[in-house]
Amino acid sequence: FLVGDAQCDQIQHLLRGSKTPVLALGSQTSALAEISAGLLQQREAGHPVATLHLMAHGRPGAFRIADQWVDAEALKAHAADLAHWGVETIALWSCRVGADAGFVALLEELSGARVLASGSWLGRVGGVEQTQLGDWRLSDLVDREIWPAQFRLEDLDDELIGSDTADELDGG
């Protein structure tokens, strides 16, 4: 499922070539609310989204849909919506948004999804924007060491929970 800024000519060009369902955003309503509605519509149609690809211009710690910047404050304001997205992975195809690992960690925390982003420019070669060429790689930027201490398993007091074994999470 691909979500993109329909008001940007370069992104619109990329959306038109998609072989996956597209949600083109550009209205004056909240981008996060529109994404939530689009994901719900996909689920209700029997097509739950595992990976949400979001294509928008970005800056460290924010991405822009139409004239709206989605930053940490916007994520917090839509925390209830994000908690119901139900996606496993969010791929943020936005330049430099991942340079703020705290933003990426917050999006992961609120959505429950793994977030892939870039701390650098996307689709550029030698400073020139390229829609077909250039660097289009995302990374898993969130390292558990950047999380505040209260969220780290190794900092749990085993005596309080009655365990003397190492803290582990079972992914299965």
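Residues numbered from 1 in each chain as written. Predicted model: local features only at pLDDT ≥ 70, side-chain atom pairs only at ≥ 80, totals over all residues. Heavy atoms only, no water.

Chemist: Account for the pairing of strand S1 (residues 2-5), with residues named and values stated.
Modeler: Within a regular beta strand, the side chains point alternately toward one face of the sheet and then the other, so they alternate between its two faces. Residue alternation in S1 divides its side chains into two sets, Leu 2 and Gly 4 and Val 3 and Asp 5, and both sets are buried. In terms of strand pairing, S1 meets strand S2 (residues 22-25) through four bridges, oriented parallel. The residue of S2 that forms the bridge with Asp 5 is Leu 25. You can see the chain leave S1, run along helix H1 (residues 9-16) and come back into S2, and the turn it takes is right-handed. (Buried < 20%, exposed > 50% of the residue type's maximum accessible area, 1.4 Å probe, protein only. Helix = DSSP H or I, 4+ residues; strand = E, 2+ residues; numbered from the N terminus. Pairing = 2+ DSSP bridges. Right-handed = clockwise from strand over helix to strand, strands pointing away.)

Chemist: Tell me what's going on with the packing of aromatic side chains, and back it up with residues and numbers.
Modeler: One pair of aromatic rings is described through two measures. These are the centre distance and the angle between the planes. Inspection of every chain in the model, using the stated rule, returns one aromatic pair. Plain terms: the ring middles of Phe 63 and Phe 103 are 6.4 Å apart, the flat faces sit at 75° to each other, and that makes the pair edge-to-face. With Phe 63 in strand S5 (residues 62-65) and Phe 103 in helix H5 (residues 101-111), the pair connects residues that are 40 residues apart, well separated along the chain. For the residue pair Phe 63 and Phe 103, the accessibility class agrees, reading buried in each case. One Lys or Arg, Arg 59, reaches over the ring of Trp 69 and ends 4.0 Å from the middle of that ring. (Phe/Tyr/Trp six-rings, centres within 6.5 Å; stacked < 30°, edge-to-face > 60°. Lys NZ or Arg CZ within 6 Å of the ring centre and 35° of its normal.)

Chemist: Help me get a handle on the side chain of Gln 42, residues and values and all.
Modeler: Mapped onto the elements of the fold, Gln 42 is located in helix H2 (residues 31-44). Not counting residues up to four positions away in its chain, the partners in contact with Gln 42 are Phe 1, Pro 21, His 47, Pro 48 and Val 49. (Contact = heavy atoms within 4.5 Å.)

Chemist: Any details on the sheet that holds S5? Residues and values, ideally.
Modeler: Strand order in the open sheet formed by three strands is S4-S5-S6, with antiparallel pairing between adjacent strands. Each having just a single partner strand, strand S4 (57-59) and strand S6 (68-70) make up the two edges of the open sheet. Sheet twist, expressed as the average angle between the axes of neighbouring strands with direction ignored, equals 30°. Summarising the sheet, S4 and S5 pair through three bridges and their orientation is antiparallel. In the sheet register, Gly 58 faces S5, and the bridge partner there is Phe 63. (Axes fitted to C-alpha atoms, helices over the stretch in contact; angles between N-to-C directions.)

Chemist: Which residues make up H2, and what values do they have?
Modeler: Between its first and last C-alpha, H2 extends 20 Å over 14 residues, near the 20 Å set by a 1.5 Å rise per residue. Those residues of H2 not exposed but buried are Ala 31, Leu 32, Glu 34, Ile 35, Ser 36, Gly 38, Leu 39 and Gln 42. For H2, the N-terminal capping position is held by Ser 30, with its side-chain oxygen 3.3 Å away from the main-chain nitrogen of Leu 32. Positive phi shows up at Gly 46, right after H2, with a value of about 85°. (Expected span 1.5 Å × (residues − 1). Polar contact = N/O pair within 3.5 Å; in protein donor to acceptor, adjacent residues only side chain to side chain.)

Chemist: Could you give an account of H5, with specific residues and numbers?
Modeler: Turn by turn, an α-helix covers 3.6 residues, leaving residues three or four places apart pointing in a common direction. A large share of H5 lies buried, amounting to eight of its eleven residues. Along H5, the residues classified as buried are Phe 103, Val 104, Ala 105, Leu 106, Leu 107, Glu 108, Leu 110 and Ser 111. Measuring from the backbone nitrogen of Gly 102 back to the side-chain oxygen at the start of H5 gives 3.0 Å, which picks out Asp 100 as the cap.

Chemist: Go over unusual backbone geometry, please, and point to the residues and values.
Modeler: Despite not being glycine, Ala 66 has its phi angle at roughly 55°, a positive value. Mapped onto the elements of the fold, Ala 66 is located in the loop between S5 and S6. We classify Ala 66 as buried; its relative accessible area is 5%. Residues other than glycine seldom take positive phi values, yet Arg 96 does so here, at roughly 60°. With respect to the helices and strands, Arg 96 occurs in the loop between strand S7 (89-93) and H5. For Arg 96, a relative accessible area of 29% corresponds to the partly exposed category.

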